[in-house]
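# Structural features, examined
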Amino acid sequence: MKGPAIGHSRVVAAAFRAACESPLVTTHLNTLARLELAEPSEVARWQERRLRRFVNRWATTVPYYLEHPEYLRSTTETAAVLDKETVRRASAAFVNSRVPARHVTTGGTGGRPLSLRISYSSFFSEWAHIAYVWSRAGISLGDPKITFRGSSLGTGFDGRPMMYQRTYNHVAVSPFHLSDRTFTELLTKIRDLRPVAIWGYPSSITPFALWVARTGPHPELARLRAVLLASEAALGWQLSLFREVFGAPPIRWYGQSEKVVFGAECPRLPGHYHVTPTYGVAQVVNNRITGSGMTNTAMPLLRYDTEDGGVLKQPGPVGSRCACGSPFAVLHDVAGRWDQSLVYGIDDEPISSAALNFHDEAFARFDRFQFRQDRRGEVELRVSTVGRVPEAAELEKARSLLQHRVGDRLVISVAIANADELLSRRGKILMIDQRYRPDEATFSAMPTQPG
Ligand SMILES: [Zn+2]
């Protein structure tokens, strides 16, 4: 589960600029607006035709499907499911070589990289679908924003705490300078910008939200209509915090680098994602989200197992719609299975990071936090606070709450960390800094082969 695959920042900026100005985004939005008015059964038929056309045009000459034509059949006629490991081992066999594309690398199974070809137009349609999510929250791509996103959106910050980027019409705040002083300066800087949205990683928005809770309300933030959350899981208390201090709903979306299924969070039912029919066909097979993408013509992936868990709710017969009015199918209980979301218990059993989710305000006292695992059955919560050292009693309270929550499968410890240590390379905090690999440990524990 990931946000859009971020390639080279200049390409990203160019695609964004094109998306803002191009009638093709309007076309996508118009198609989705038209389908939103249709009955669920019409949407399904439209999607079937669209997938058939996509398969005939782009997939039939792809080497892997020439050898395995069962994938080209309609989903009702075949049970074949494509797993990530097959694509990882034979990625070249999935390429439609006639389509100009960029190469991106993403995490595969067991942390081994997966090599993908993404068509140029697919980067573009990604923005069109993000524009759709934002538009449901009343935000358009070019609206003024405050952004907390690291350096992936363009030139570096060069030591500056924030900068205005005209392409995105936002003030981007460096995740390495999230301090009271920066936030005070930010308010001055946005007085003329009049931002209507905050966009970024939950972990980077959190220190700002805590500061606003302490010092606000601020009239400069009165126009906010949405908090647009990219690329990273948000915890329940963070969503509540954003909703409360910014007076605007958090809006999320679901996608993968492989570009097979896209979901736009329902504005009425948090955690429910409407599957956008223009992007891909979603199914849930063995409790896993499986999709046939229709935007990436350079590497068509059909009935591809994303390894994300989820539940798919198809809309009922004529007239039945979601509370928000959408006739599109819904994915809920979406759970990413990417490596850093797992920790390993005392018997090497994988435990979802959802087990470490917490709502207690004891944790909201820390500005940054991260879990780190170095050894089997042990997890360390690393925390930092801006401008003060956390008290021993706060740390112990957090530890005992967490320990109580995870029971006897994990031993929890808590440590104070330097805020900078909690940043990953692109300036976003990894929820779980996973340094332990159970398969390697098992391997090294085995007796060495003689000779
Ligand atoms: Zn809805």
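As recorded by an unreviewed UniProt entry, the protein chain carries the name Phenylacetate-CoA ligase and is attributed to Parafrankia irregularis.

### Comments concerning the overall build of the protein chain
In terms of helices and strands, the protein chain carries 11 helices and 20 strands. Counting only contacts in the protein chain whose residues sit at least 6 apart along the sequence, the fraction spanning at least 24 positions is 67%. Carbon and sulfur atoms form 52% of the exposed surface of the protein chain, whose accessible area is close to 20200 Å².

### Regarding the pairing of strand β14 (residues 330-335)
Across two bridges, strand β10 (residues 273-275) lies against β14 in antiparallel orientation. Bridging across to β14, Tyr-273 finds its partner in Leu-331. Where strand β13 (residues 304-313) and β14 come together, four bridges link them in antiparallel fashion. Across the sheet, residue Leu-312 finds its bridge partner in β14, namely Leu-331.

### Quick word on helix α7 (residues 180-189)
Here α7 has its buried residues at Thr-182, Phe-183, Leu-186 and Leu-187. For α7, the buried positions fall inside an angular range of 140° around the axis, keeping them on one side. Looking at the buried positions of α7, the neighbouring elements they touch are β3 (145-148), β4 (162-165), β5 (170-173) and α8 (202-215).

### Description of the sheet that holds strand β8 (residues 250-254)
Note: strands within a sheet are paired through backbone hydrogen bonds, in either parallel or antiparallel orientation. With mixed pairing, 12 strands are arranged side by side in an open sheet as β4-β5-β3-β6-β7-β8-β9-β10-β14-β13-β12-β11. Two strands lie at the open edges of the sheet, namely β4 and β11 (280-285), each paired on one side alone. For this sheet, the mean inter-axis angle between neighbouring strands, taken without regard to orientation, is 35°. Alignment of β4 against β5, held across four bridges, turns out to be antiparallel. By the bridge assignment, Met-162 is partnered in β5 with Val-173. Strand contacts of α8: β3, β6 (197-200) and β7 (226-229), with the helix running at about 135° to β6, the strand carrying the most contacts.

Rules and cut-offs
- Residues numbered from 1 in each chain as written.
- Predicted model: local features only at pLDDT ≥ 70, side-chain atom pairs only at ≥ 80, totals over all residues.
- Heavy atoms only, no water.
- Helix = DSSP H or I, 4+ residues; strand = E, 2+ residues; numbered from the N terminus.
- Contact = heavy atoms within 4.5 Å.
- Areas by Shrake-Rupley, 256 points an atom, 1.4 Å probe, with all protein chains shown as cover.
- Pairing = 2+ DSSP bridges.
- Buried < 20%, exposed > 50% of the residue type's maximum accessible area, 1.4 Å probe, protein only.
- Arc of directions from axis to C-beta.
- Axes fitted to C-alpha atoms, helices over the stretch in contact; angles between N-to-C directions.

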